[in-house]
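Secondary and tertiary structure notes
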Amino acid sequence: EFEGYQVTSRTSLFRRVQRPEGSPTDFDKILEGTVIQRDTADNAIDQITFTAQGRYLGQFGRHGAELGWTARTLSFDDRLYEQTVFTGQDAETRAPVDIVAPDSLDDATTFRTWQASVWLEDAIDVLPDPGRLVLTPGLRADWFDYASELTLSPRLAAAYQAGDNTTLLLGAGIYHQAPTYREFRGEPAPGQRLSDLLTGDIKSQRAVQLVGGVEQFFPGRRLQLRAETYYKALSNLISYDVENVRVVYSGENNSRGYATGFDLQLRGELVPGLVSWINYGFLKTEERFLSPEIPASAT
């Protein structure tokens, strides 16, 4: 990941003896001074990732179990160079002078960590008629060494065959997302070293979600309608700002929020001989920033 830019701007100051709304005079042509501002950036993050994983499936009567694991090493080489230089004239000597803005950044660091996870899932035919009701409980455990954080993510899904052409779906679970390097590094302040930001004082973002849906098949038209609605309670969020095309993360779990909506999909041969689909989705989200008096764990 790399970012570079060079932006030059010029500001010219002319003498103005009349009020701004007054008529122009010859004094408007007298140049008092010119300042040139040059903004330069040459940032880069080199990431090397090695991943090993395993997945095992088993069938035991009405149970279809899955066991899996993942181990990953992460290495980051981060270089940050941003500088703003003002070029103008000294007020007394009128000699050219360059001034480097105090918010300039120049630092580099190397960071390494690792992650591991294991999960177990079991699809169970509950009712005597196989396939009428299938429950799928599962549990995932993740370890993030950078933050010394262990997260447990239980979930449960259910599929009920209400008729030959109708299936009802229900799911609930807790999900965690470990922060990426840019998220937990945040944005350094002038004079602050990158290594000082890598303290591990950050948690994985968490979502507690509930999903309900239905699948309806229309055999006469060979069409399938799928509808789902969901609600996700989000906590330990890492807020960010967008500056032009740059995403600047706060490096803190300083907000919480929710997301809710529904999705519709009509799939089939809308045109004879050609499988196609129509999608429609509605989404609403809200985020609330936590004040210093409210801890990130508050509900």
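Residues numbered from 1 in each chain as written. Predicted model: local features only at pLDDT ≥ 70, side-chain atom pairs only at ≥ 80, totals over all residues. Heavy atoms only, no water.

1. Description of the layout of surface pockets
Space inside the largest pocket adds up to approximately 530 Å³. The wall of the largest pocket is formed by 30 residues, among which Arg72, Gln115, Gln177, Ala178 and Pro179 lie closest to the centre. For the lining of the largest pocket, the secondary-structure elements that each account for two or more residues are β2 (31-60), β3 (63-89), β5 (105-125), β6 (133-144), β7 (149-163), β8 (166-177) and α1 (181-185). Of the volumes computed, that of the second largest pocket is approximately 400 Å³. Taken together, 20 residues make up the lining of the second largest pocket; nearest its centre are Asp201, Ile202, Gly251, Glu252 and Asn253. (1 Å grid on protein atoms, 1.4 Å probe; cavity = no way out; pocket = protein on both sides within 12 Å on 5 of 7 lines; lining within 4 Å. Points joined across faces, edges and corners; volume = space filled by probe spheres on them. Helix = DSSP H or I, 4+ residues; strand = E, 2+ residues; numbered from the N terminus.)

2. Focus on the nonpolar core
Generally speaking, a soluble globular protein has its nonpolar side chains buried in company with each other. Grouped together as the largest cluster of nonpolar side chains are twelve residues: Ile45, Leu74, Phe76, Phe111, Phe144, Tyr146, Ala147, Tyr181, Phe184, Leu198, Ile202 and Ile238. Looking at this core, the elements with two or more residues in it are β3 and α1. Other than its neighbours up to four places away in sequence, Phe111 contacts Leu74, Ser75, Phe76, Tyr146, Tyr181, Phe184 and Leu198. (Core = buried A, V, L, I, M, F, W, Y, C linked by side-chain atoms within 4.5 Å. Buried < 20%, exposed > 50% of the residue type's maximum accessible area, 1.4 Å probe, protein only. Contact = heavy atoms within 4.5 Å.)

3. Let's talk about the packing of aromatic side chains
One pass over the full model with this rule turns up 13 aromatic pairs. Pairing Phe262 with Tyr280 gives two aromatic rings, centres 6.0 Å apart and planes at 40°, and the pair type is tilted. Highlighted residues: Phe262 in strand β11 (residues 246-271) and Tyr280 in strand β12 (residues 274-289), separated in sequence by 18 residues. Since its relative accessible area comes to 31%, Phe262 is described here as partly exposed. (Phe/Tyr/Trp six-rings, centres within 6.5 Å; stacked < 30°, edge-to-face > 60°.)

4. Things to note about the pairing of β3
Here β2 runs beside β3; their pairing, made up of 23 bridges, is antiparallel. Note that in β3 the partner of Phe60 across the bridge is His63. For β3 and strand β4 (residues 96-100), the ladder comprises five bridges, and the chain directions are antiparallel. Bridging from a neighbouring strand, Thr87 pairs with Asp98 of β4. (Pairing = 2+ DSSP bridges.)

5. Things to note about the environment of Gln265
Mapped onto the elements, Gln265 comes out in strand β11. By relative accessible area, which is 25% here, Gln265 ends up partly exposed. Along the sequence, Gln265 and Glu228 sit 37 residues apart, while their C-alpha atoms lie 9.1 Å from each other. In this structure the side chain of Gln265 is engaged in a polar contact, spanning 3.1 Å, whose partner is the side chain of Asn279. (Polar contact = N/O pair within 3.5 Å; in protein donor to acceptor, adjacent residues only side chain to side chain.)

6. Observations concerning unusual backbone geometry
We note that Ser148 has phi near 50°; this positive angle belongs to a residue other than glycine. Topologically, Ser148 is positioned in the loop between β6 and β7. Take Ser148: its relative accessible area is 53%, and that puts it in the exposed class. Despite not being glycine, Asn236 shows a phi value in the positive range, around 55°. Overall, the relative accessible area of 12% leaves Asn236 in the buried class.

7. Quick word on the pattern of salt bridges
For the structure shown, the criterion picks out 13 salt bridges. Where Glu82 meets Arg246, a salt bridge forms, and the shortest distance between an N and an O atom there is 2.8 Å. Pair noted here: Glu82 is in strand β3 and Arg246 is in strand β11, with a separation of 164 residues, a long-range link. Like Glu82, the residue Arg246 is buried in the burial classification. Arg226 is paired through a salt bridge with Glu228; the nearest N and O atoms lie 2.6 Å apart. (Salt bridge = Lys/Arg side-chain N within 4 Å of Asp/Glu carboxyl O.)

8. Comments concerning the pairing of strand β10 (residues 223-243)
Regular strands place their side chains on alternate faces of the sheet. Relative to β10, strand β9 (residues 205-218) runs antiparallel, the two sharing 13 bridges. Among the inter-strand pairings, Val211 is bridged to a residue of β10, identified as Tyr230. Linking β9 back to β10 in an antiparallel pair, the connection comprises four residues, with Arg222 at a positive phi of about 55°. Summarising the sheet, β10 and β11 pair through 18 bridges and their orientation is antiparallel. Looking across to β11, one finds that Ala233 is bridged to Tyr258.

Any functional reading would require information that these geometric values do not contain.
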